[in-house]
Amino acid sequence: MMNRIAFIKFRGNFTTNSSFHLHSETPFSSFHLALHSDVSSNRSVFHKITNLNDALNLFDEMSQRRPLPSVVHFTQLLNAVTKMKHFSSTLHLFNQMCSLGVPVNEFSMSIAIKCCCQLYRTKDGFAVLGCCFRRSIAPNEFIYSALLDGLVLEDKILEAEMLFKKLVKQKLCEPNVVMYSTMIKGLCKFGNNVTALALLRLMEQNNCQPSVVTYSTIIDSLCKDKMMDDALKLLKEMVSDKGILPNVITYTSLIRGLCNLGRWDEASKMLKEMEDENISPNVKTFTALVDAFCKEGKVEEAEAVINIMIERGEVPNIVTYSSLIDGYCLRGEMIKAREIFDSMTLRGLVPNVVTYSSLLNGYCKNLNIEKAEQMFHEMSGKGLKPDVVTYSTMIQGLFQVGRCVDACKLFNEMHAQGLIPDQCTYRIILDGLCNNHLVEDALSLFQLMGDSKLNSDIVVYTILIDGAGKCGKFHIARNLFHELIDKGLQPDVRTYNVMIGGFCREGLLGEAKLLFLKMEESGCPPNTVTYCIFLQGCLKNKHYDDVEMLLQEMDCRGYSLDASTLSLFIDHIAAGLLDKSMLKLFNKLVPKEFLDDPSLCDWE
């Protein structure tokens, strides 16, 4: 990777932090010979520039020549520095060029605007656009493309949309494939696949042919939203109808999407098809496979992928190893996760916030909160700023071990750091408070949310209803349930299960049954958990009238009894409280793994 060389201005010249020797083969030594020749022959001179140090020395050489080289030569140098992604340096050189009195043109202006936008300084990019108008320089498609890209980078998609529409309506510029693709990228960034597809159709109507980048962007977004069938349909359109061949990015998106949905056979076929087309998997492809295997708990397979990857000359990066670490953490194998973390750092890879967050999560799930705190402080000590996910993970871990005061302190610290808690954070806080019997505090926080979207989150309501019910405040739970209905929110199966469980605990079997029947009418059919909760409520309250009916329905739906419900049934059968005629039906609902255990079959 190219080292960034710091430079300072000194008496009009640039000096670097490393000495530079002028050899005959360096790009700018040949510049003496080529400077006054035609522009086309000079282009190769600038292409030979491979590092910032060379570029700075060449600029210094150019700035001291009299007469000064043309704006074309300066622009070619700016372009070379920009291609090396030294955007700040390019802007500095652009300013120096202007100070020297070199006239600017639309090409040098477009480079300056692009650099502003790539540095997330799109506002400055528009200021440079204003300079274009004042100098009577007509903005070209490169300038408008750069501005659109800058707005998308800064997540200002509405402003990008307004600019795009203005270009079309006022005929300032005919949008090209790059502009359309940039807008589609912005829309997909926010999951707006419908509008992205509509824009794809519009560009076709306007005789602007989409590229593989255009299609791959939408395919990737569809894959991320688990709309695999739509993604595959778009792939077919791209290849069969448009004759556009997929590239490694297209295949990687599809393979990742298929793996994440557990469609391993199709992913395997896609990988084979990719290699048949002589497209070699890259680091991102291999990392997608590693990540998918790890999420399935198949860390051995993930390690095998890494070995194949290394054999093929692809070097695993920090994302690859972070996925593997996360896989071991999810399995609770913290020693192995730490070993990979240490070996990764020995290879020269620097752990990022995601890596640390994965380890934190693993330690918290294992209730090793001291180790988690140690990692939290270590990452801060290394200059890494914990993000919302990191804080949320630590807060959840502290609640799990009953350290509620420390969890709330960390929540306040998160605010002080300027981080805005997301929906997941609030859920963790409310759930932690409720699980630690601090329902009043949870309700107070809920009230403080006011009319925010968090106050219309069915998961939040379910957490509070469950917490209130389990803490003996069922009247609050019932009021919350009615409140969410009044707000027009639709309870999900978890919400219904919590309420039915609450009614059963209170001995209100009649109301539990009414709610159970209402589920089907509301388009939210009961699941296995619902049946088991209601059955347990019936048995514990010696309300046997509906038991046979519930068992029959479970049999029809292909559901099974869970361990706790099964144990309760065995106790009632042993006590002679249930009619033995139910045994045949009951046996159909016993999971196979329990049938293999003789100790659980004593009722027969």
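If you're wondering where the values come from, they're calculated on a predicted model, not measured in any experiment.

Let us look at the overall build of the protein. A tally of helices and strands in the protein yields 34 helices and 2 strands. For 604 residues, the compact-globule formula gives about 25 Å, and the C-alpha radius of gyration of the protein, at 32 Å, lies well above that figure. For the C-alpha atoms alone, the extent of the protein along its principal axes is close to 110 × 55 × 55 Å. Within the protein, buried positions represent 48% of all 604 residues. The contacts in the protein between residues at least 6 apart in sequence include a share of 59% that link residues at least 24 apart. Only carbon and sulfur atoms are counted for the fraction: they give 54% of the accessible area of the protein, which is about 30,800 Å². For the protein, the centre of its 62 positive side-chain charges and the centre of its 71 negative side-chain charges are spaced 8 Å apart.

Bringing the environment of Asn 587 into the picture now. Tracing the chain through its elements places Asn 587 in helix α33 (residues 583-588). Exposure remark for Asn 587: the relative accessible area of 24% places this residue in the partly exposed category. In this structure the C-alpha to C-alpha distance between Asn 587 and Leu 167, which are 420 residues apart in sequence, comes to 71 Å.

Here the structure, examined in full by the defined rule, presents 0 disulfides. Here Cys 408 is not cross-linked by a disulfide; its sulfur's nearest cysteine counterpart is in Cys 404, at 6.8 Å. Just so you know, Cys 556 is unpaired, no disulfide at all, and the nearest cysteine sulfur is the one on Cys 532, 16 Å from it. The class of Cys 556 is exposed, set by a relative accessible area of 70%.

Another aspect to go through is the nonpolar core. One finds Met 97, Leu 359, Ile 395, Leu 464, Phe 534, Leu 551 and Phe 569 to be the most contacted residues of the largest nonpolar core, which totals 187 residues. Setting aside chain neighbours within four positions, we find Phe 534 in contact with Ile 500, Cys 504, Leu 509, Ala 512, Lys 513, Phe 516 and Leu 550.

Attention shifts here to helix α30 (residues 528-540). Residues that lie three or four places apart on an α-helix share one face, since the helix turns once every 3.6 residues. The terminal C-alpha atoms of α30 lie 18 Å apart, and with 13 residues this matches the ideal 18 Å at 1.5 Å per residue to within 8%. Of the residues making up α30, those classed as buried are Thr 530, Tyr 531, Cys 532, Phe 534, Leu 535, Gln 536, Gly 537, Cys 538 and Leu 539. The inward-facing, buried residues of α30 abut α28 (493-505), α29 (509-521), α31 (547-557) and α32 (563-574). Regarding α30, its N-cap is Asn 527, as a side-chain oxygen of that residue lies 3.1 Å from the backbone nitrogen of Val 529 further along. Phi turns positive one or two residues past the end of α30, at Lys 542, with a value near 55°.

Here Arg 66 and Pro 67 are connected by a cis peptide whose omega angle stands at 0°. Its place among the elements puts Pro 67 in the loop between α3 (52-64) and α4 (71-83). Backbone geometry at Tyr 120 places phi at a positive 60°, although glycine is not the residue there. By the secondary structure assignment, Tyr 120 is in the loop between α6 (106-118) and α7 (122-134). The phi torsion at His 437 lies on the positive side, around 65°, for a residue other than glycine. Structurally, the position occupied by His 437 is in the loop between α24 (423-435) and α25 (439-448).

What follows is about the packing of α3 against helix α5 (residues 87-99). Axis angle and axis distance: for two packed helices, these are the angle between their axes and the distance between the axes, and together they describe the pair. Two numbers describe how α3 lies on α5: the axes approach to 12 Å, and their chain directions differ by 0°. Judged on the interaxial angle alone, α5 and α3 are roughly parallel. Counted together, Leu 52, Leu 56 and Phe 59 of α3 and Ser 89, Leu 93, Gln 96 and Met 97 of α5 form the full contact between these two elements. Here the residues of the contact of α3 with α5 sort into 5 nonpolar, 2 polar and no charged.

Within the element layout of this structure, Ser 145 appears in helix α8 (residues 141-153). Setting aside residues up to four positions removed in sequence, Ser 145 forms contacts with Asn 176, Val 178 and Met 179.

Summed over the entire model, instances satisfying the criterion amount to 12 aromatic pairs. Plain terms: the ring middles of Phe 376 and Tyr 391 are 5.5 Å apart, the flat faces sit at 70° to each other, and that makes the pair edge-to-face. Residue Phe 376 is located in helix α21 (residues 369-381), and its partner Tyr 391 is located in helix α22 (residues 388-400); the two are separated by 15 residues in the primary sequence. For the pair shown, Phe 376 and Tyr 391 are each scored as buried.

Let us look at the confidence of the model for the protein. Within the protein, residue pLDDT values average 86, and 90% of them lie at 70 or more. Scored below 50 in pLDDT, residues 1-41 makes 71 contacts in the model with residues more than four places away or belonging to other chains.

Once that is clear, we can look at the side chain of Ser 63. Here Ser 63 lies in helix α3. Not counting residues up to four positions away in its chain, the partners in contact with Ser 63 are Leu 68, Phe 74 and Leu 100.

Our focus in this paragraph is helix α20 (residues 353-365). In this model α20 runs 18 Å from its N-terminal to its C-terminal C-alpha over 13 residues, within 8% of the 18 Å that 1.5 Å per residue would give. Burial analysis of α20 places 11 of its 13 residues in the buried class, the great majority of the element. Where α20 is concerned, the buried positions are Val 353, Thr 355, Tyr 356, Ser 357, Ser 358, Leu 359, Leu 360, Asn 361, Gly 362, Tyr 363 and Cys 364. Close packing links the buried residues of α20 with α18 (318-330), α19 (334-346), α21 and α22. Where α20 starts, the residue carrying a side-chain oxygen 3.1 Å from the main-chain nitrogen of Val 354 turns out to be Asn 352. Looking one or two residues beyond α20, the residue adopting positive phi is Leu 367, at roughly 60°.

Cut-offs used in this document
- Residues numbered from 1 in each chain as written.
- Predicted model: local features only at pLDDT ≥ 70, side-chain atom pairs only at ≥ 80, totals over all residues.
- Heavy atoms only, no water.
- Helix = DSSP H or I, 4+ residues; strand = E, 2+ residues; numbered from the N terminus.
- Rg over C-alpha atoms; globule rule 2.2 N^0.38 Å.
- Buried < 20%, exposed > 50% of the residue type's maximum accessible area, 1.4 Å probe, protein only.
- Contact = heavy atoms within 4.5 Å.
- Areas by Shrake-Rupley, 256 points an atom, 1.4 Å probe, with all protein chains shown as cover.
- Lys, Arg positive; Asp, Glu negative; His and termini not counted.
- Charge placed at Lys NZ, Arg CZ, Asp CG, Glu CD.
- Disulfide = S-S within 2.5 Å.
- Core = buried A, V, L, I, M, F, W, Y, C linked by side-chain atoms within 4.5 Å.
- Expected span 1.5 Å × (residues − 1).
- Polar contact = N/O pair within 3.5 Å; in protein donor to acceptor, adjacent residues only side chain to side chain.
- Axes fitted to C-alpha atoms, helices over the stretch in contact; angles between N-to-C directions.
- Parallel < 35°, antiparallel > 145°, perpendicular 65-115°, else oblique.
- Nonpolar A, V, L, I, M, F, W, Y, C, P; charged D, E, K, R; others polar.
- Phe/Tyr/Trp six-rings, centres within 6.5 Å; stacked < 30°, edge-to-face > 60°.
- pLDDT = per-residue confidence, 0-100.

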